[in-house]
Every structure is written in C-alpha cells, then in structure tokens.
Amino acid sequence: ASTVQLFDSWAGFLSRAEADRIYAQPVTLAPPRSDLIAPHFVFYVRDLLERRYGPDLLYRAGLRVVTSIDLGWQAEAQRIAQEQIAGLRERNAGNAAVVMLAPDGQILAMVGSVDYNAPDGQVNVALAPRQPGSALKPFVYAAALQRGWTPATVIWDTPSQWVNADGVVYEPQNYDNAFHGPLRLRMTLANSLNIPAVKAMEHVGVENFVEQMSRLGVTTFDDPSRYGLAMALGSNEVRLLELTGAYNALRGGRFIPPVAVIKVTNSRGEVLERWQPERGAPAFGPQSEQIAYLIGDILSDNQARRFMFGANNVMELPDVIAAAKTGTSNDFRDSWAMGLSTDVTVGVWVGNNDS
C-alpha cells in the first residue's frame with residue numbers, strides 16, 4: 001500500500017480506486033483477423049511443407065513456393081459459398097466448404113469456411129471428417145461393377161433386414177419411405193435409393209469396399225469396429241478434399257492425388273521439389289476406364305434421375321454435361337453436392353461446424 005501511495009503522489013497517473021476498478025474488469029480477448037487471400041489453402045500448404053521439410057527449413061530458408069491455386073476460381077467459389085449460405089441461414093445452415101480440382105489433380109480452389117474471421121471460421125471443414133450420406137454410393141456401385149454387375153443388373157427395392165453378429169437388426173429405409181420393386185442398377189443409383197445400395201454393398205463386401213476407397217485416397221476408414229453395411233449410405237466420415245479427389249477418378253478411371261504444391265525453391269534458387277503431372281493408378285481394377293465411364297454416365301443421366309427427382313431438378317445443368325450426386329447425413333446434419341465435367345471436379349459441403 002505504501003508503494004502505491006508513493007506512486008500516486010509522485011507520478012499522479014492512477015489512483016488506488018481507479019487501479020482497483022480496472023483490475024476488476026474482465027479480460028476480453030479480440031480474435032486475430034486475417035486478410036490473407038485463400039487463408040485455409042495457405043495454412044493447408046504451410047502444414048504440408050512443415051511436415052515435409054520441418055519448421056527450421058520452412059521458416060528460415062527463404063523458400064519460394066508456387067502453388068496450384070487459381071485466384072479467379074478461388075474468389076468465385078468464396079463468393080458463391082457466402083451468397084448461398086446467406087440464403088440458407090433460415091434453414092439452420094451456417095457454413096460451407098468447397099473444393100475444385102483440375103483433371104490432373106491440381107487444387108484450383110479451397111474454401112474451408114464462408115468466413116475465416118468468424119469465431120469458428122479457422123476450422124477448415126474441407127479437411128474435417130463428415131458423414132457423406134449418399135455421396136458415397138457411386139463408389140459402392142463401382143465396386144459392384146468390378147464384381148460382375150452391370151448398369152442393367154436388376155436389384156429388388158423391397159423391405160429388407162440384416163442381422164449383425166450382436167443380433168442387432170439393420171432395416172434401412174428409402175428417403176421417400178416407399179419401396180419400388182425391381183429396378184435396374186442405373187435407376188437405383190441415379191435416384192439414390194438406399195435399399196439397393198445396401199444390397200450392392202453386401203455383394204461387394206465391406207472389406208473390399210474399404211480397400212477400394214483407400215486406393216482412391218480416403219484415409220478416414222481406419223476403424224474396422226465401425227465397418228458395416230451402413231457404409232453404403234455414408235455412415236462413416238470422409239474429408240471433402242479426399243472425396244472430391246475420388247470423384248475426380250470417375251473422369252477416366254485413374255486416381256491422381258490432389259496436389260497443392262507445384263514447385264519449391266530455396267533462397268539460392270535450388271529446386272527442392274517440382275510437381276509433374278502423372279497418369280495415376282487404375283481406380284477400379286482391370287476395367288477401370290469402362291467402369292468410370294459407366295458410373296459417370298449414370299450420374300449424368302437426367303432422364304433416369306427424373307423417376308424420383310422430377311424434371312428440371314437442381315442437378316440438371318442447362319449448358320454443360322455434368323455427372324452429379326448429392327448426399328445427406330443422418331438427421332440432415334451434413335449436405336453434400338459432388339460433380340464433374342470434362343474440365344473440373346467440384347465438391348461442396350454445407351452444414352454447421354458443431355454438426
């Protein structure tokens with residue numbers, strides 16, 4: 001107290017009462033703001049490089065990094081995501097993520113959230129595990145085509161039950177709570193019917209399906225205790241970036257990992273790495289190109305899709321032929337739209353960070 005009194009009398013800046021009042025005020029932290037262009041992509045690249053080179057080299061070697069990002073597409077993806085979420089907030093959707101890939105795997109755009117400076121906006125949802133719902137079905141059917149089925153294979157959409165080893169009964173329903181009898185595979189995939197998809201998974205085998213998705217770059221199927229026929233309906237989480245990379249393989253049947261870093265040089269101009277386009281590995285077995293073509297053809301078949309979705313539905317694009325698939329997770333927590341044309345593959349997630 002004597003020290004404070006001396007300070008008050010000598011300096012005259014602050015009284016004891018004022019000091020006590022200020023001390024009693026709660027501390028409010030202001031979140032840092034980022035004015036970076038494509039911040040989620042920037043930090044994704046930084047994390048990649050830190051794992052490859054270590055923090056010392058990354059931050060002290062004067063590295064010059066050339067990336068795959070197309071700033072025009074990035075700005076457009078960000079703008080559209082923000083515009084769409086503004087219209088969806090009344091339906092309790094507050095966030096979106098977008099990934100755009102070139103046919104050779106280059107990441108043209110990565111939107112991790114609609115507002116990086118929002119309280120939870122730093123979370124890059126393009127890298128976060130989320131339930132894909134029906135967006136996973138094309139790969140179930142691709143695996144079935146590898147095992148003798150064709151787009152003309154008839155699958156019965158009828159009430160069906162499976163009993164697991166614990167005696168729990170699994171009885172999936174279609175989203176319209178109806179059954180549609182015998183349908184060709186083309187129709188069951190184009191119209192995203194659930195029961196035929198589970199029957200396709202039964203035909204494929206869960207372990208075979210997991211192995212296929214691993215070849216397609218999906219890293220989240222790593223807990224065998226959670227595997228089951230419900231995987232056909234997207235009950236196991238995937239990352240948007242990885243699922244978009246898998247859809248990219250439907251263009252020609254070869255998987256090319258998404259790439260963000262094109263070239264890295266150090267302060268002396270020495271090239272540390274340089275990306276070269278690659279052909280990629282067959283994604284769907286010996287007939288990979290044919291299977292990818294058939295799945296893509298089904299997903300772009302507007303006539304087949306009208307059975308459930310009607311004419312002029314949102315997946316019909318007026319000026320371009322595009323393969324498209326949507327997905328919705330349990331309790332409508334996650335919404336997905338995946339699509340590809342000859343020029344680009346796009347993956348979109350919509351939902352809330354807290355599920």
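This report concerns the structure included in the present document. Everything numeric here is computed off the predicted structure, so don't read it as measured data. (Residues numbered from 1 in each chain as written. Predicted model: local features only at pLDDT ≥ 70, side-chain atom pairs only at ≥ 80, totals over all residues. Heavy atoms only, no water.)

1. Quick look at the sheet that holds strand E12 (residues 323-328)
Next up, step 1: Strand order in the open sheet formed by five strands is E3-E2-E14-E13-E12, with antiparallel pairing between adjacent strands. Edge positions in the sheet fall to strand E3 (107-111) and E12, since each has one partner strand and no second. With strand direction ignored, the average angle separating the axes of adjacent strands in the sheet is 10°.
Next up, step 2: For strand E2 (residues 95-101) and E3, the ladder comprises four bridges, and the chain directions are antiparallel. (Pairing = 2+ DSSP bridges. Helix = DSSP H or I, 4+ residues; strand = E, 2+ residues; numbered from the N terminus. Axes fitted to C-alpha atoms, helices over the stretch in contact; angles between N-to-C directions.)

2. Observations concerning empty space enclosed by the protein
Next up, step 1: Across all of its chains, the model carries one cavity of 30 Å³ or more by this definition.
Next up, step 2: Every residue along the wall of the largest cavity is listed here: Leu189, Ala190, Ser192, Leu299, Arg305, Phe309, Met315, Ala324, Lys325 and Thr326.
Next up, step 3: Of all the elements in the fold, those that place two or more residues in the lining of the largest cavity are helix H6 (185-190), helix H11 (302-309) and E12.
Next up, step 4: Sorting elements by how many residues they give to the lining of the largest cavity places E12 first, with three residues. (1 Å grid on protein atoms, 1.4 Å probe; cavity = no way out; pocket = protein on both sides within 12 Å on 5 of 7 lines; lining within 4 Å. Points joined across faces, edges and corners; volume = space filled by probe spheres on them.)

3. A closer look at a nonpolar patch on the surface
Next up, step 1: Taken together, the side chains of Phe13, Leu14 and Ile22 present a nonpolar region at the surface, about 310 Å² in accessible area.
Next up, step 2: By secondary structure assignment, the location of isoleucine 22 is in helix H2 (residues 16-24).
Next up, step 3: What makes isoleucine 22 partly exposed here is its relative accessible area of 44%. (Patch = residues over 30% accessible without salt bridge, like charges linked within 9 Å, V, L, I, M, F, W, Y side chains within 5 Å. Areas by Shrake-Rupley, 256 points an atom, 1.4 Å probe, with all protein chains shown as cover. Salt bridge = Lys/Arg side-chain N within 4 Å of Asp/Glu carboxyl O. Buried < 20%, exposed > 50% of the residue type's maximum accessible area, 1.4 Å probe, protein only.)

4. Topic: the pattern of salt bridges
Next up, step 1: The full count for this structure, using the stated rule, is 15 salt bridges.
Next up, step 2: Linking arginine 79 and glutamate 83 is a salt bridge whose minimum nitrogen-to-oxygen distance equals 3.2 Å. Residue arginine 79 and its partner glutamate 83 are located together in helix H4 (residues 71-88), separated by four residues, close to a single helical turn.
Next up, step 3: For arginine 79, a relative accessible area of 39% corresponds to the partly exposed category.
Next up, step 4: Between glutamate 242 and arginine 239 there is a salt bridge, with its nearest N and O atoms 3.8 Å apart.
Next up, step 5: By relative accessible area, glutamate 242 is classed as buried at 14%.
Next up, step 6: Residue arginine 239 is classed as partly exposed on the basis of its relative accessible area of 25%.
Next up, step 7: One salt-bridge network, in which partners are shared between bridges, spans Glu76, Arg79 and Glu83.

5. Side note on the nonpolar core
Next up, step 1: Counting 77 residues, the largest nonpolar core has Phe139, Phe209 and Phe221 as its most contacted members.
Next up, step 2: The greatest single-element share of this core, amounting to seven residues, is contributed by helix H5 (residues 137-146).
Next up, step 3: Sequence-distant contacts of phenylalanine 221, defined by excluding residues within four places in its chain, comprise Leu136, Phe209, Val210, Met213, Tyr227, Met231, Asn236, Glu237 and Val238.
Next up, step 4: Membership of the second largest hydrophobic core comes to 13 residues, among which are Ala81, Ile85, Ala102 and Val114. (Core = buried A, V, L, I, M, F, W, Y, C linked by side-chain atoms within 4.5 Å. Contact = heavy atoms within 4.5 Å.)

6. Side note on the sheet that holds strand E10 (residues 271-274)
Next up, step 1: One open sheet accounts for three strands, arranged E1-E9-E10; its pairing is antiparallel. Edge positions in the sheet fall to strand E1 (64-67) and E10, since each has one partner strand and no second. Taken pair by pair, the neighbouring strands of this sheet meet at an average axis angle of 10°, ignoring direction.
Next up, step 2: Across four bridges, the pairing between E1 and strand E9 (residues 261-265) is antiparallel. Residue pairing in the sheet places valine 66 in a bridge with lysine 263 of E9.

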